[in-house]
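As a plain string of letters, each chain reads:
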Amino acid sequence: MLFEKSLPKFDLPVDFLAADEVFSDILTYYSKFPCKIKSLIFVMCKQGSIRANINHKEYTIVPGDFVTLIPNTFIQIHEVKGEVKLIFAGFSSGFIEEMFVQPTQLNFYPNIWEYPLFHPSEEVYNFYNKYFTLLINGSIHQEISFNRHALKGILLFIAGHLATAYKKYFQGTEHKLGRGNQILRDFLRLLHENYQTEHSVSFYAEKSNITFQHFCKTIKQVSGKTPSEIINNFLIMDAKSYLKSSSRSVKDIAISLGFQNTSFFSKFFKSHTGMTPQEYRNK
C-alpha cells in the first residue's frame, strides 16, 4: 500500500492503518521539531537507516529493527540514509482508549518506554514481516477488513508476542543493570507519567524512595545529566510539539504543561531555546 503523500502526523484518522511504503522525503517532516505521537505505532525497517531521537535517547534504526512507539512518545528524525523502506501498522489513540481501560494493560508497556527499539532474530523478524503483510492486505481490501473486536484481538496478539520477545531480551540484560541504571529507568517512567504536572526533582526522588542527594548524584552519574535537565528536556520537547503542531495559545500550552503563568513559561522556554514561544512558532 502506498502512503498518499503524507504520513498521519500525530494520530491516525481511523482505528487501524497499515502500509508497506514510507518514503524518505515524507520522513523529513518529523525532522522539523519533536513530534508527540498520540497513536500506538509498530514499525519494521526493511531498508536504509534512520537516526532519530525517541524520547530521551538517540537511536540508529537499521534493517531488521522493530520499533514500537507508544502513545505520548516523542520522536525527531535527524538523518535518513539510503532509500528507506518501512512496514507500518498503527492503532489510533481513540481506539486504544476505548478498547482498554488503561493502555498499560498491554503487557509489553513496562519495557517499551526504556527500549522502544530491538533487533529480533531473523526467524522472529520474518514472522512479523508475514503477519504485517496480512494486516496491510486487510487495511486495503474492504471485503476482508477488520471489525473493532478483531482489531483488539490483533493488537493483543502483537502485544503478546512482543512481551515474550522482551522477556527473552531482559533475561539476558536485566541482571546486568546496576542499581543506578534501575533508578534512572524508574525515574524516566515516572517522568513520562507526571512531567506535565510535576516539575520538582524532590517529587521524583520521593516516589523512588531515595534521598534527594543520592537520587541527584545517581541520575547524574548514570545519564550524564542532572534530573532537572532531564525534566526540562521533556517540557521543552512537549512545548515545541504543541507550538508547531497546534493552534493553541501560548497561555493554554503553559497551563497544560503545569506552569502557573505565561510569563514564567516564556522565560523558561527562552532560557532553553534562545527564543520566545511565539518566535519559535513563527520561525
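Refer to the preceding data block for the structure.
Residues numbered from 1 in each chain as written. Predicted model: local features only at pLDDT ≥ 70, side-chain atom pairs only at ≥ 80, totals over all residues. Heavy atoms only, no water.

A short note on the layout of surface pockets
So the rule is basically this: Only protein atoms enter the calculation, which uses a 1 Å grid: trapped sets of points that fit a 1.4 Å probe without letting it out are cavities, open sets showing protein on both sides within 12 Å along at least five of seven lines are pockets, and any residue with an atom within 4 Å of a point is a lining residue. Grid points are joined across faces, edges and corners, and a volume is the space filled by probe spheres set on the points. The helix count covers DSSP runs of H or I at least four residues long, the strand count covers runs of E at least two residues long, and both are numbered beginning at the N terminus. Put simply, Ala, Val, Leu, Ile, Met, Phe, Trp, Tyr, Cys and Pro go in the nonpolar bin, Asp, Glu, Lys and Arg in the charged bin, and everything else, Gly too, in the polar bin.
Approximately 290 Å³ is the volume attributed to the second largest pocket. Looking at the second largest pocket, it is lined by 13 residues, and the ones nearest its centre are Ser121, Val124, His161, Ala165 and Lys168. No other element matches helix α5 (residues 148–173), which puts 5 residues into the lining of the second largest pocket. Taken together, the residues of the lining of the second largest pocket sort by class into 7 nonpolar, 4 polar and 2 charged.

Quick word on helix α6 (residues 179–194)
Put simply, the rule reads: A helix is expected to reach a length of 1.5 Å times the quantity of its residues less one. Burial classes: relative accessible area under 20% of the type maximum marks a residue as buried, over 50% as exposed, and values in between as partly exposed (1.4 Å probe, protein chains only).
For α6, spanning 16 residues, the distance from its first C-alpha to its last is 22 Å, which sits close to the expected 22 Å at 1.5 Å a residue. Regarding α6, the residues found buried are Gly180, Ile183, Leu184, Arg185, Phe187, Leu188, Leu190, Leu191, His192 and Asn194.

Considerations on the pattern of salt bridges
Two side chains of opposite charge can pair, provided their charged atoms sit close to one another. The condition that has to hold: Whenever Lys or Arg places a side-chain nitrogen within 4 Å of a carboxyl oxygen from Asp or Glu, that contact is recorded as a salt bridge.
Following the criterion strictly, the structure yields 5 salt bridges and no others. The residue aspartate 238 makes a salt bridge to lysine 36 at a minimum N-O spacing of 3.1 Å. Residue aspartate 238 is located in helix α9 (residues 227–245), and its partner lysine 36 is located in strand β2 (residues 35–37); the two are separated by 202 residues in the primary sequence. Accessibility classification places aspartate 238 together with lysine 36 in one group, the buried group. The partner of arginine 148 in a salt bridge is glutamate 98, with the nearest N and O atoms 2.6 Å apart. Of the two residues, arginine 148 sits in helix α5 while glutamate 98 sits in helix α2 (residues 93–99), which places them 50 residues apart along the sequence. Judged by its relative accessible area of 27%, arginine 148 is partly exposed. It is possible to trace a salt-bridge network through shared partners that takes in Asp15, Glu98 and Arg148.

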